Every structure is written in C-alpha cells, then in structure tokens.
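Single-letter residue listing:
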Amino acid sequence: MSRFFKLVFSVLFLSVFVMNAQEATSLSYYLPQDVTYNKNIPTPESVIGHEVGKWHVTHDKLVMYMKVLANSSDRITLEDRGKTFEDRPLLLLTVTSPKNHQNIETIRKEHLALTERDGRNTDVSNMPIVVYQGFSIHGNEASGSNAALLLAYYLAAAEGTAIDNLLATTVILLDPSYNPDGLQRFASWVNQHKSEHLISDPQDREFAEAWPRGRTNHYWFDMNRDWLPTQLPESQARIKSFHSWMPNILTDHHEMGSNSTFFFQPGIPSRTHPLTPQMNQDLTKEIATYHAKAFDKIGSLYYTEESFDDFYYGKGSTFPDINGSIGILFEQGSARGHVQESENGLITFPFAIRNQFTAALSTLEAAKNMRPTILKYQQTFYKNAGQFKSPQLGNAIVFGDEKDAAKTFHFAEMLQRHKITFHEVKNDFTHNGKTYKKGASFIVPTDQRQSRLITAMFEKRTQFQDSLFYDVSAWTLPLAFNLQYDALNSTANAGTVVSELKAPKGTVIGNGTYAYVFEWNEYYSPKALAHIKAKGLRAKVAMKPFTLEGNSYDYGTIMIPVQNQKLNAQELKQFLNKVAAESHMNITAVRSGLTEGIDLGSNNFEAVKDIKVAMIIGGNINSYDAGEIWHLFDQRYEIPLTKLDVSNFGRMNLSKYTHIILPNTFSLSTNETSKLKTWVQQGGTLIGYRNASRFLTNKKFINLDFKKTGIESKNVSFAAKGNHRGAQVIGGAIFNTKIDRSHPINFGYMYDELPMFRNTTLFINPNERSYNNPIQYTNTPLLSGYISEENLELLKNSVPFQTTRMGSGRVIVFTDNTNFRAFWYGTNKLLMNAIFFSGMM
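Residues numbered from 1 in each chain as written. Predicted model: local features only at pLDDT ≥ 70, side-chain atom pairs only at ≥ 80, totals over all residues. Heavy atoms only, no water.

1. Section: helix α8 (residues 161–169)
Put simply, the test is: Each residue's exposure class comes from its accessible area (1.4 Å probe, protein chains only) as a fraction of the maximum for that residue type: buried when under 20%, exposed when over 50%, partly exposed otherwise. A run of DSSP states H or I qualifies as a helix once it reaches four residues; a run of E qualifies as a strand once it reaches two. Both are numbered from the N-terminal end. Relevant arc is that of directions from the helix axis to the C-beta atoms, nothing else. We call two residues in contact when some of their heavy atoms are within 4.5 Å.
Residues I163, L166 and L167 constitute the buried set of α8. Axial view of α8: buried residues confined to an arc of 90°, hence all on one face. Residues of α8 that are buried make contact with β3 (89–95), α5 (98–101), α7 (143–157), β5 (158–159), β6 (170–175) and α12 (349–369).

What follows is the structure, given as structure tokens:
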C-alpha cells in the first residue's frame, strides 16, 4: 500500500472511529444491561438536554440533575453544604434504601460509635458500611463528575435483588463535584472549542486550555492538597461531612496523561506513610481485585502498584488512611476534551467516563462483599488508638503564641475541624524556656481517638524508607504556623476542654489622645495597616524597640498620630475601633510621646508610604504560586491586588504601581523584561519568587551568587536513573533559619529562628556583608522532611532572601514559597514586610 493510500485509510479510519464514538453516547454504552431501570426516574439526558459524554456537563446542569433526581427517588436525599468562592453549591447526596433513610440518623450515630471508646465492642455484623464517592477535585479531570451523573442515575433507577441488597447494606455519600468552580471553567473551555465533527489532533485548541486552566479552584489552589490543612471552603465542607460519617471507604476519581491507561491503588508500597497500618494496604489490595475483575469484563487496560503513593495525608486518597478509613485513588488516561489521539489509540470522553463509572460500581461491589471485614478494621483502628502514642510527642502537646492570638486561633480551628480534643491552659507555665499563658495557649492530650492523626500533624520526620515523593515529605503544622509548641509528660496543666472556640476580639484600649500604637506580631496587623492607609491616614513604623506607659514595643510597631490627620480625634478613635475588631487585635491609645527608647517623634519612626500592588500572571507564571498570593491579599489581608496578564503587558501603564510581584517563573519575553527593568529603575519595587530569582539574576536585575548543583552519576543503571535523579528533588521539606529581627523583612517575628518551607534546589551564597543576610539557613537546617545529603550540604548557611537597589527602585527575591498552600501562616508576614517596608531596606 502506498504512503498516500495509507494516509487516506488512516484518516478515514479515524473519522469513522470518532463519529462512532460520538454516536456511542447512549445509556446502554455505560450501564449494566443485566438489570432493569425504573422508568419513573429521569435520565440525565431528560434533564441536562444531552446524553452523558456528548458535551462536558457544566456544574449548573450537574446540580440541576441531582436536585431533580433527589426529588424523584426515595433512595436519595440532597444536602447543600455551603458555597465555593464563586457561590456554587457544594452538594452531597446520601443514597441508601428507603428503609435506611427512615432511620438514617440512628445509623449514622451507631456507625460513629465504632470510632469512640464505647463502640469498641459493638457488633458490626448487621451494620451498613459507609462509602464516600467523590469526583473531579481537579476540574479539568472531568470524566469523574460526568460519571457521577451515571452513578446517581444507576443508584436511583436500577431494580432487582442486587441493587436492593447493596442499598440495604450500604450508605453511599455521593459528592458529584469536589471542585465546582474548576469544573465549570473547564467545561466552558472544551465545549466552546468542540467541533461538530470531533477533532482528535492533540495540537487542537480544545486541548490547550487558557491559563490558569480548570484544574484548580477560584484562587488557583490544587484542592487535592488541602484535606489536612482545610484552608478552603470546599475542603471545610467536605471534611465536615467526612467526620460526620467517618466513611469506611473514600474514593477520589482523577485523570492523568492521555497516553496512560487506568490506575487504581495500591500505589508503590515503599511510599506508604509509616503511620498507615499494613491492614489498610492489604484491604486496598483486596478491593483492587474487584476493580481488576470489572475492567477485565469490559476489556479496559489498567495497572496498579507502579506509581503514585500514600504518603502525604493532605490528599483525598491518603487522608482517609490516617482516619481509620480506606482511601482509593483512581486515575484515568484523559481525553482532555471530547476525543484525543494517544499511544493506546483514540481515547474518547465517553470511554473515560465509562471507566470511571465502572470503578465506582466495583468499589460498591467490594464494599458490599467485604463489609464486615472493613467495618471491623475501622473498629480496631480506633480501639487501638489509645495505645498509639509517639515518643516524640509525649502525653500531651502544648502550643500557643501570646503575641499572636489570631494565628493561634486558626491553628486551633484546624484541630477542631478534625475532631481533635484540646484544652485551655489552666495557669501560666514555662517549659523548655518557653512561656505558655492562660488564654493564649492550648493543650492537646495525645491519648485520644485521633492519636494517629495528631502524630501526623505534629511530628517531625527525617528518616524515610524511600527517597522519592509524589508530593511533600513534611508538613509539621505547628512549624508551618511558626507556633511555639512542646511535648509534655503529663496533662497536669490542662484546664477545661474547649468546646466552643471563639475568634479573638480586638478593640482600642486606653484613653490616650496623643497617638495609637499596635505591635506587628499579630497575624492580621498587615490587614489593619492596609485599612489605615486606605483611609488616607498617616502611619509610621518603629525601626527600634521602645517602652511606653509600662508596655514594651518591638521592631515594627505601628504608630498613628492623632494630630494632622484627615479624621478628627473622635472619628479616628471610632475608625480604629472598627479596624481593631475586624483585625482581631488590640490597638493602644497612648497619652504621651515620651518613651524609654525612641520617642514617638523620633526619626527612627519611618513613614509608611501608600501602596498599590500588582502581580504578573499568565504565560509561564506558576498559577499555584500566583493563586496563593492572590488569596493572601484578597481573603486574608483585604489588600487590592491588580493581576497583570503577560499577554497585555506591553500595553500596560506600570507607573501607577509601587510594587509588582513576579511569582515563580523561568522567563519573560525580552520586551516584558525591558519594560519591567525600566519601571524598577524609575522607583518601583519588584518582588520575585523561587525560579524568578534566577531569571532576575540572568537579566541583571540583581546579582546573586548561586551555588552549583549536580551530582555524579557513576554506577547508575539505565533502569535506576529515574530514582537517582528523583532523590535530588526537594519535594517539600521544612528547614530552620536564623533571622536578624532588626531588619525590616523580619519585623513582627518574636524569635531569632524561623522555620521555612522549601521545594526548590536554588541555593544562594550569603552576601559578604552580614547585615545583608537577614534570613540565613543554619548549619543544621533540616527540621522535618527529606533532602539528599548533597543538597543538605548546599543548603547549609545559604540565604533564601536577598534585596538590592536598582536605580531608584528595589529588587527583592525569595528562593522559597512564603505562602505555600494557604496554610504556611508562619511566613506570610515576610511578603507583607516586603510590601510595606521595602523602602526601609
């Protein structure tokens, strides 16, 4: 056959295949045909207007169908658990038999009793198993949420003995869209680029989503990393449901590269967290036999135990494992649209949906058949909880920060979301040279039902079975919050159990009429200052400590004089009272400017200038990093942040901005770079993160001396080269720095050491002038997590922060992410200091 005819034949074959794939989207393609279906139950097509798989379902249509279905079936109840940032509902369907629904609250309470001390000997033989099935936490991995339409229909409409037995013995919590905002964004993209005659060419625009793509939520967070930190509203609703039911199995439906087939857990055995019981993995492997059988039946390729891991407990497939449940990850090779060429032939959207639906059914089949064993496993997990105590954490853990009530509150709030019991501190006490004060500290007993989870949240871990990690290797949460904490041998200092956690209140204290002052230690101090400056008020920052009217004030204290303001004295006090309340911190009214140390009229009080901040986005900018910054400004500190898209950068007027943030990126175009350099030279402050630091060095914005990295690759086989290279990756670990608290970048920090998160291999040699190294890694920097010996040597005494003048402006760089995933509260203030105090550096 000639080359021409081969090409024609291939095109015709693909065209026929694609057309057939488009026509194959009927319920009979997806659903088991050995059962009957109740004709009174509306099909997805009758509600959303098209058959499943013909178009990507938009979230509004998904919601519409679930509501109609719940109103049509006595097997389903529907709960609206809250809103996303874009005000989309977070739905949960509870699916079980009508008889179980009549007694659902009793079933829930009896099930929860398995995880309590008084449920240790409960007979589980007749107890329903609880399965939480969730879909498409990455919005552009949409086959999951589209399969949820089919699953919901099947569970409502299927008839016969098999479905009756399943629903009688199972409570199914069906979460049709973990990420409504991302799903909507992605559906809009692929639907608007769909051709009537489907295009499978991977280079088609349909498969090239616009930045930031649909994977993430509104603020561009990967929500499959937030199950443990619970910083986002979607996560908080989901975790509340999880702890309300404590499901036995939780499934997490994803997609992966188009050239892959279908993956189900277990993952790579050596990459399972040591706190996860072996029985968990054994049960996961047994459940996998049901998936294999189901996929063998439909002829779909699959694999298991060859990739992914069960290490970081912030993922949907791993979080259940530390809570006595079994988390299961599904990964489907993605069409990333409606049909796409792949190494395994054409992969169609309906095919991907059918595989996800098949895995959902095989999960339920496993749950039904393994029900007593899995229930008993959960019961045993919590029965043994009291026996599990980490030597590292003692009998109790105390944490707190008397100078930062809000940050302490948010940490305690996170514990409370995970049903961890903690107490007030009975009286002030000192331990290991640290003072823990009543009202500002809490004690967590380690002998409680969530003992394993407590260990996972508080422990430091530096020894690992494997050197490769799918995600971070450390997340020690008190270090992330930069909170004082200690292990205690007893609970003698524990007061009453905290049942109702209240956010700290703020107000103006004192009756002075000379000035107002507040320290910079509090987490929401930047929010307060931003509101004060936005009101057009004058404020100054103390460059040195002082004592006034019996109170000591540290570097970075903010002072607002009463005189010569746009508000009169009474109006100013009323306004500052409002600011204090909204910022959860006190502001002190003082009577005099005479202090011990620098007086309030001293030149050592520098004027805080007005700010207008922008951030470059799009193109090669890392959307995660940019989203974390946007969220910090918008949600935490209420500071306006203009987002400058690189596609329009050449036409933008930069002169209006005082600061521009360049998140993690490797490059900008020549014209963009030149324009940015001119802006800095004319007085702007540029703040670069992570790989932007090397880019800015290469383009002569700043002169940084990077250490050379790289290791020898001798006696490494071809098969081992991936592991050899992977061992040099810092996937995410925690390291200790020593800081110069007198430098403006460190204003608001109480101690001389600061834990920092790092997931780069950028190592900068310190400046020859010591005062230009206000943050420096110590000689023994590793606190928690994995780093190779070679990289550890490079990290020692290197610096993660540098700044220099450039013309009339300034360039600031951080090699590390100070805003990681919204839960790294401890270093958020570094960016705020770079914004408010850059002119003083």
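On we go from here.
2. Looking at the side chain of D226
Here is the rule: The charge count includes Lys and Arg as positive and Asp and Glu as negative, but it does not include His or the ends of the chains. Salt bridge, as used here, is a side-chain nitrogen of Lys or Arg placed within 4 Å of a carboxyl oxygen of Asp or Glu. Any pair of N or O atoms that falls within 3.5 Å is considered a polar contact. Within protein, one atom must be able to donate a hydrogen and the other to accept it, and sequence-neighbouring residues count only if both atoms are side-chain atoms.
With respect to the helices and strands, the residue D226 is situated in the loop between α9 (180–192) and α10 (233–245). Here D226 is buried and forms no salt bridge, its nearest opposite-charge partner R238 lying at an N-O distance of 5.7 Å. One polar contact links the side chain of D226 to the main-chain amide nitrogen of Q231, over a distance of 3.0 Å.

3. Considering the pairing of strand β32 (residues 733–739)
What counts, and what does not: We call two strands paired when DSSP finds no fewer than two bridges between them.
Burial analysis of β32 places six of its seven residues in the buried class, which makes it a mostly covered element. The pairing of β32 with strand β33 (residues 753–758) spans six bridges and is antiparallel. By the bridge assignment for β33, F735 is matched with M756. Across five bridges, the pairing between β32 and strand β34 (residues 775–784) is antiparallel. By the bridge assignment, I739 is partnered in β34 with I775.

4. Let's talk about the sheet that holds β3
What counts here: For helices, the fitted axis covers only the stretch in contact; all axes are lines through C-alpha atoms, and the angles between them, taken along N-to-C directions, range from 0 to 180 degrees.
Strand order in the open sheet formed by seven strands is β2-β3-β6-β4-β7-β9-β8, with mixed pairing between adjacent strands. Strand pairing shows two members of the sheet lacking a second neighbour, β2 (76–83) and β8 (262–264), which therefore form its edges. Neighbour-to-neighbour, the strand axes of the sheet open up by a mean angle of 20°, direction not taken into account. Two elements, β2 and β3, share six bridges in a ladder whose sense is antiparallel. Bridge pairing in β3 places I76 opposite V95. Against the sheet, α8 makes contact with β3, β4 (129–135) and β6, and its axis sits at roughly 85° relative to β6, the strand it touches most. Against the sheet, helix α13 (residues 371–383) touches β4, β7 (249–256) and β9 (326–333), its axis set at about 90° to β4.

5. A closer look at α13
Defined as follows: To estimate how far a helix should extend, the number of its residues minus one is multiplied by 1.5 Å.
Given a rise of 1.5 Å per residue, 13 residues ought to cover 18 Å, and the 18 Å separating the end C-alpha atoms of α13 matches this to within 8%. Among all positions in α13, only R371, I374, L375, Y377, Q378, Q379, F381 and Y382 are buried.

6. Some points on the pattern of salt bridges
This structure, assessed with the given rule, holds 30 salt bridges. Between E86 and R88 there is a salt bridge, with its nearest N and O atoms 2.4 Å apart. Residue K403 pairs with E519 through a salt bridge whose shortest N-O separation is 2.8 Å. Taken as a pair, K403 in the loop between β12 (396–400) and α14 (405–417) and E519 in the loop between β20 (515–518) and α17 (525–534) lie far apart in primary sequence, 116 residues in all.

7. Brief notes about the nonpolar core
Spelled out, the test is: The term nonpolar core refers to a set of buried residues drawn from Ala, Val, Leu, Ile, Met, Phe, Trp, Tyr and Cys, joined through side-chain atoms within 4.5 Å.
Of all hydrophobic cores here, the largest spans 233 residues; its most connected members are L155, F458, F518, F633, I660, I661 and L831. The greatest single-element share of this core, amounting to 11 residues, is contributed by α7. Counting 11 residues, the second-largest nonpolar core is a separate cluster that includes A515, V517, A542 and L600.

8. Comments concerning the sheet that holds strand β18 (residues 494–497)
As summarised here, the arrangement of the five strands in space is β17-β12-β16-β13-β18, forming an open sheet in which the pairing is antiparallel. One side of each edge strand has no neighbouring strand; the edge strands of this open sheet are β17 (484–488) and β18. Here the strands of the sheet are splayed against their neighbours by 30° on average, with no regard to which way each runs. This element, α14, spans β12 and β16 (441–445) of the sheet and lies at about 145° to β12. Across the sheet, helix α15 (residues 451–458) is in contact with β12, β16 and β17; its angle to β16 comes to roughly 130°.

9. Observations regarding the environment of Q448
Mapped onto the elements of the fold, Q448 is located in the loop between β16 and α15. In this structure, the C-alpha to C-alpha distance between Q448 and S342, residues 106 residues apart in sequence, is 50 Å. Apart from the residues within four sequence positions on either side, Q448 is in contact with R117, A385, K419, I420, T421 and I454.

10. Looking at the packing of aromatic side chains
Put simply, the rule reads: Aromatic pairs are defined between Phe, Tyr and Trp rings, using the six-membered ring for Trp, whenever the two ring centres lie within 6.5 Å; interplanar angles under 30 degrees are classed as stacked, those over 60 as edge-to-face, and all others as tilted.
On inspection of all chains with the given rule, the structure shows 55 aromatic pairs. With a centroid separation of 5.4 Å and an interplanar angle of 55°, the aromatic rings of F263 and Y303 are classed as tilted. Of this pair, F263 sits in strand β8 while Y303 sits in the loop between α11 (278–298) and β9, placing them 40 residues apart in sequence. Given the relative accessible area of 0%, F263 is considered buried. Aromatic pair F411 and F458: ring centres 5.7 Å apart, planes at 75°, arrangement edge-to-face. Here F411, found in helix α14, pairs with F458, found in helix α15; they are 47 residues apart in sequence, far enough to count as distant.

11. Let's talk about the packing of α7 against α12
To keep it simple, the criterion reads: Relative orientations are named as follows: roughly parallel for angles under 35 degrees, roughly antiparallel for angles over 145 degrees, roughly perpendicular for angles from 65 to 115 degrees, and oblique for any other angle. Crossing handedness is defined as follows: a turn of the near helix away from the far one that is anticlockwise and smaller than a right angle gives a left-handed crossing, while the clockwise case is right-handed. Under the convention adopted here, Pro, Cys and the residues Ala, Val, Leu, Ile, Met, Phe, Trp and Tyr are nonpolar, Asp, Glu, Lys and Arg are charged, and Gly plus all remaining residues are polar.
The geometry of α7 relative to α12 is characterised by a closest axis approach of 8 Å and an angle of 50° between their N-to-C directions. When the interaxial angle is binned, α7 and α12 end up oblique. In this structure, the crossing between α7 and α12 has a hand that is right-handed. Contact residues: α7 offers S143, G144, N146, A147, L150, L151, Y154 and L155, while α12 offers F349, A352, I353, Q356, F357, A360, L361 and L364. For the contact of α7 with α12, the per-class residue count stands at 12 nonpolar, four polar and no charged.

12. Some thoughts on unusual backbone geometry
Keep in mind that most residues, glycine aside, have a negative phi and that most peptide bonds are trans. Here the residue pair W211 and P212 is connected by a cis peptide bond, since its omega of 5° sits within 30 degrees of zero. With respect to the helices, strands and loops of the structure, P212 is situated in the loop between α9 and α10. Following Q265, the chain continues to P266 via a peptide bond in cis, the omega torsion being 20°. Positive phi is not limited to glycine here, since D87 has a value of about 65°. Considering the arrangement of structural elements, one finds D87 in the loop between β2 and β3. One non-glycine residue, H584, adopts positive backbone phi at about 55°. In this structure, H584 sits in the loop between α18 (569–583) and β25 (587–590).

13. Some remarks on the confidence of the model for the chain
How we decide: pLDDT is a per-residue confidence score from the predictor, ranging from 0 to 100.
Across the chain, the average pLDDT comes to 94, with 96% of residues at 70 or higher. Residue range residues 1–23 is modelled with pLDDT below 50. Its contacts to residues more than four positions away, or to other chains, number 13 contacts.

14. Some words on the packing of α11 against α12
Close contact between α11 and α12 brings their axes to 8 Å; oriented N to C, the two are set at 135°. Between α11 and α12, the angle falls in the class oblique. Read as a crossing pair, α11 and α12 show a hand that is right-handed. Facing α11, whose interface residues are I287, Y290, H291, A294, F295 and I298, α12 presents R354, N355, T358, A359, S362, T363, E365, A366 and N369. For the contact of α11 with α12, the residue count by class is seven nonpolar, six polar and two charged.

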